[in-house]
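Chain by chain, the residues run as shown.
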Amino acid sequence: MSSTPSSAPQSSAPETGTARVKRGMAEQLKGGVIMDVVTPEQAKIAEDAGAVAVMALERVPADIRKDGGVARMSDPDMIEGIIEAVSIPVMAKSRIGHFVEAQILQALGVDYVDESEVLTPADEVNHSDKWAFTTPFVCGATNLGEALRRIAEGAAMIRSKGEAGTGNVVEAVRHLRQIKNGIGALRGLDNHELYAAAKELRAPYELVAEVARLGKLPVVLFSAGGVATPADAALMRQLGAEGVFVGSGIFKSGDPAKRASAIVKATTFYDDPKVVADASRNLGEAMVGINLDTLDDSERYAGRGW
Amino acid sequence: MDTPAIGVLALQGDVREHLAALAAAGASAVPVRRPAELAEVSGLVIPGGESTTMSKLAVAFGLLEPLRERVRAGMPAYGSCAGMIMLADKILDPRSGQETVGGIDMIVRRNAFGRQNESFEVPLEVAGVPGGPVHGVFIRAPWVESTGAGVERLAEVGGHPVAVRQGPLLATSFHPELTGDHRVHALFADMVRRAG
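Predicted, not measured: the structure shown is a model, and the values here were computed from it.

1. Some points on the overall build of chain B
Okay, step 1: Helix and strand content of chain B: six helices and twelve strands.
Okay, step 2: Its C-alpha atoms put chain B at 40 × 40 × 30 Å along the principal axes.
Okay, step 3: Per-residue burial over chain B gives 60% buried out of 196 residues.
Okay, step 4: A separation threshold of at least 6 residues defines the contact pool for chain B, and within that pool the share at least 24 residues apart is 64%.
Okay, step 5: Positive and negative side-chain charges of chain B, numbering 18 and 21 respectively, have mean locations separated by a distance of 4 Å.

Okay, structure coming up:
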């Protein structure tokens, strides 16, 4: 069941849960939009709008922010209702380090687990051992070292953290730039320097050397946290994200179906301002958004996880 | 035609991997998102991805009819996974409004092997691909439920066709683009050369 990046089938028997099928699943999502949904009806709207996957959760981050308290994995009935409603992949969130929530999500048959800082962390030291699962994981990161630590733990996909539930893209931009700049900085290093770089990044040397060689992460990189408009999605794509997660931005807006479809179009034609302009017309009200200067440190999710 | 120009439908999915595999197989590979770009290529790969997303984007951006016209006119095309679904004349359980390009006389069943937890890899023999088994990577993969008389079945898993060919059209349930083995893409590049 567990696997390492170099694993390949030794026999001719079919093998599940390998690094290749986990990472390969995320490759199929590239160029697409993954949308937060809280009901089967929303999931259908997302699918009809062209979402490549949905994230099933009880409350979107904007509401988690508003309600306060401990945010946990969603009710299995609610997740199953969404799995039954759509044919696209369904993701769901576990708390950081709460590997039992992750086990439950795997048992429910979700296609991807998001070990997410949007929920209240269950362990202040350890993330879940993601190699132990057949279901692949996506994890948030604010910089390259954090991304590589998650990959070392078995994450098969990385997303920027951003600041979820704010409708403010500034943190997603910061995190994506930090990840991309980290990768760029490795490109010019020789073998001697890569050991020191690994130490500085607090990440395994093998992964650091792989990133230096590839010029990219060994897994798919998406953007998340604060995307609210077609232009936001296109911005993240131009900055190097291979796709986007949209959380509160769609179903906290005036016309979710229209906005969802517009963000999908802008994500595909991210480098064509005419298409993004057309997609941006008459979308109704965007989610209100939060200026991050008004957020207390304890209200910031991006600092969760390490 | 030694270096045929082959497009990869770049609306969504693992486009980069197909571009790299085609280049390694001796083709000049370019992404295709617009009708004008489609007109420039001699063959087309439809990548893995989400077939519902690709279908909706192809309709929204006026690419579906040009795709159908090129395929009807004999342009070689190869589809992997979602691409196989796009080349099927019929989907067993389509989502509302899900359109295909069509061209291969077959019915496909989407997500036939199950959800992501059932995704698997297995070596398999593919007729027409010399040099031993191909490494089959199946991700929420479809299979072919039934085929018309003109369709060759090139590979099967558990009795279900997972690679088929009809004239200049090729489709696989699995993802050779994820393996670094370029023989399936080399086969397709040859099909494009011969058609030219």
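Read on for the rest.
2. Topic: empty space enclosed by the protein
Residues and elements named next belong to chain A.
Okay, step 1: Taken as a whole, this structure holds two cavities of 30 Å³ or more when the rule is applied.
Okay, step 2: Considering only enclosed or pocket space, the largest cavity measures out at about 180 Å³ in volume.
Okay, step 3: Along the wall of the largest cavity there are 22 residues; nearest its centre are D36, A164, A224, G225 and G247.
Okay, step 4: Within the residue set of the lining of the largest cavity, elements represented by two or more residues are β9 (244-246) and α11 (248-251).

3. Points about the sheet that holds strand β1 (residues 15-16) of chain A
Okay, step 1: Strand order in the open sheet formed by three strands is β1(A)-β7(B)-β8(B), with antiparallel pairing between adjacent strands. The open sheet has two free edges, formed respectively by β1 of chain A together with β8 (134-138) of chain B, since each of these has just one partner strand.
Okay, step 2: Relative to strand β7 (residues 120-124) of chain B, β1(A) is paired through two bridges, and the arrangement is antiparallel. If you follow A:E15 over to β7(B), its bridge partner there is B:E121.
Okay, step 3: Helix α1 (residues 19-27) of chain A rests against β7 and β8 of chain B of the sheet, and its axis sits at about 60 degrees to β8(B).

4. Here's the deal with the interface of chain A and chain B
Okay, step 1: Contacts between the two partners involve 50 residues from chain A and, on the opposite side, 40 residues from chain B.
Okay, step 2: Taken together, both faces of the contact between chain A and chain B bury some 3,400 Å²; the carbon and sulfur share is 51%.
Okay, step 3: Looking at the side of chain A facing chain B, the largest losses of area belong to A:R20, A:Q28 and A:F269, adding up to 21% of the total buried there.
Okay, step 4: Inspection of the chain A/chain B interface yields eight salt bridges.
Okay, step 5: Here B:R115 ties to A:D111 by a salt bridge, and the two come within 2.5 Å at their closest N and O atoms.

5. Things to note about the packing of aromatic side chains
Both the distance between ring centres and the angle between the ring planes are used here to describe each pair of aromatic rings.
Residues and elements named next belong to chain B.
Okay, step 1: What the rule picks out here adds up to ten aromatic pairs over all chains.
Okay, step 2: Ring geometry for Y78 against F188: centres 5.9 Å apart, planes inclined by 45 degrees, an arrangement best described as tilted. Of this pair, Y78 sits in strand β4 (residues 77-80) while F188 sits in helix α6 (residues 183-195), and the two are 110 residues apart along the sequence. Across this residue pair, the class does not change: Y78 and F188 are buried.
Okay, step 3: Between F113 and F120, the aromatic rings sit 5.3 Å apart at their centres with planes inclined by 70 degrees, giving edge-to-face as the arrangement.
Okay, step 4: Take F120: its relative accessible area is 6%, and that puts it in the buried class.

6. Here we look at the nonpolar core
Okay, step 1: Among the nonpolar cores identified, the biggest contains 100 residues, and A:L148, A:I158, A:L217 and A:M236 are the most heavily contacted of them.
Okay, step 2: The residues touching A:L217, leaving out its near neighbours within four places in the chain, are A:L144, A:A147, A:L148, A:I151, A:I158, A:I183 and A:V211.
Okay, step 3: The next biggest cluster of nonpolar side chains, apart from the first, holds 33 residues, and it includes B:L19, B:A27, B:V129 and B:V192.

7. Notes on the side chain of A:E171
Okay, step 1: When you line up the elements, A:E171 lands in helix α7 (residues 170-187).
Okay, step 2: Discounting chain neighbours no more than four positions away, the residues touching A:E171 are A:G162, A:E163, A:L292 and A:R300.

8. Overview of the sheet that holds strand β12 (residues 169-172) of chain B
Residues and elements named next belong to chain B.
Okay, step 1: On the basis of which strands lie adjacent, the open sheet formed by seven strands has the order β2-β1-β3-β4-β12-β11-β10 and mixed pairing. With partners counted over all chains shown, the strands left at the sheet margins are β2 (28-32) and β10 (152-157), one partner each. Each adjacent strand pair in this sheet contributes to an overall mean axis angle of 20 degrees, direction not counted.
Okay, step 2: Direction of pairing for strand β11 (residues 160-166) relative to β12: antiparallel, over a ladder of four bridges. Residue pairing across strands places V164 opposite A171, the latter belonging to β12.

9. Thoughts on the layout of surface pockets
Okay, step 1: Considered as a void within the structure, the largest pocket measures approximately 630 Å³ in volume.
Okay, step 2: At the level of elements, α1 and α9 (205-214) of chain A together with α1 (15-24) of chain B are the ones that each hand at least two residues to the lining of the largest pocket.
Okay, step 3: The dominant element in the lining of the largest pocket, judged by the number of residues it contributes, is α1(A), at five residues.
Okay, step 4: In terms of residue class, the lining of the largest pocket is made up of nine nonpolar, five polar and nine charged.
Okay, step 5: By volume, the second largest pocket amounts to about 530 Å³.

10. Here's the deal with the pattern of salt bridges
Okay, step 1: Under the defined criterion, the tally for this structure stands at 31 salt bridges over all chains.
Okay, step 2: Of the charged contacts in the structure, one is a salt bridge between B:R34 and A:D272, with a shortest N-O distance of 2.8 Å. Of this pair, B:R34 sits in the loop between β2 and α2 (35-38) while A:D272 sits in the loop between α12 (256-268) and α13 (273-279), which puts the two residues in different chains.
Okay, step 3: Members of the salt-bridge network, linked through shared partners, are A:E27, A:K30, A:E242, B:R16 and B:E17.

11. With respect to the packing of helix α2 (residues 40-49) of chain A against helix α4 (residues 76-85) of chain A
Residues and elements named next belong to chain A.
Okay, step 1: Between α2 and α4, the shortest axis-to-axis distance is 8 Å and the interhelical angle comes to 35 degrees. As for the relative orientation of α2 and α4, their crossing is right-handed in sense. Across the interface between the two elements, P40, A43, K44 and E47 from α2 touch G81, I82 and A85 from α4.
Okay, step 2: The residue inventory of the contact of α2 with α4, partitioned by class, reads four nonpolar, one polar and two charged.

12. Some words on the environment of B:V126
Residues and elements named next belong to chain B.
Okay, step 1: Position of V126 among the secondary structure elements: in the loop between β7 and β8.
Okay, step 2: According to the relative accessible area criterion, V126 is buried, its value standing at 7%.
Okay, step 3: On a C-alpha basis, the gap between V126 and A163 in space is 7.4 Å, while along the polypeptide they are 37 residues apart.
Okay, step 4: Each residue touching V126, except ones within four places of it in the same chain, is listed here: V134, L154, A155, A163 and F174.

13. A look at the side chain of A:H127
Residue and element names in this part refer to chain A.
Okay, step 1: If you trace the backbone, H127 turns up in the loop between β5 (112-116) and β6 (137-141).
Okay, step 2: Its relative accessible area of 13% is what places H127 among the buried residues.
Okay, step 3: Of note is the side chain of H127, whose polar atom sits 3.4 Å from the side chain of R150.
Okay, step 4: Other than its neighbours up to four places away in sequence, H127 contacts I96, G97, E115, R150, E153, G305 and W306.

Analysis parameters
- Residues numbered from 1 in each chain as written.
- Chains lettered and ligands numbered in written order.
- Predicted model: local features only at pLDDT ≥ 70, side-chain atom pairs only at ≥ 80, totals over all residues.
- Heavy atoms only, no water.
- Helix = DSSP H or I, 4+ residues; strand = E, 2+ residues; numbered from the N terminus.
- Buried < 20%, exposed > 50% of the residue type's maximum accessible area, 1.4 Å probe, protein only.
- Contact = heavy atoms within 4.5 Å.
- Lys, Arg positive; Asp, Glu negative; His and termini not counted.
- Charge placed at Lys NZ, Arg CZ, Asp CG, Glu CD.
- 1 Å grid on protein atoms, 1.4 Å probe; cavity = no way out; pocket = protein on both sides within 12 Å on 5 of 7 lines; lining within 4 Å.
- Points joined across faces, edges and corners; volume = space filled by probe spheres on them.
- Pairing = 2+ DSSP bridges.
- Axes fitted to C-alpha atoms, helices over the stretch in contact; angles between N-to-C directions.
- Buried area = accessible area lost by both parts, 1.4 Å probe.
- Salt bridge = Lys/Arg side-chain N within 4 Å of Asp/Glu carboxyl O.
- Phe/Tyr/Trp six-rings, centres within 6.5 Å; stacked < 30°, edge-to-face > 60°.
- Core = buried A, V, L, I, M, F, W, Y, C linked by side-chain atoms within 4.5 Å.
- Nonpolar A, V, L, I, M, F, W, Y, C, P; charged D, E, K, R; others polar.
- Left-handed = near helix turned anticlockwise from the far one by under 90°.
- Polar contact = N/O pair within 3.5 Å; in protein donor to acceptor, adjacent residues only side chain to side chain.

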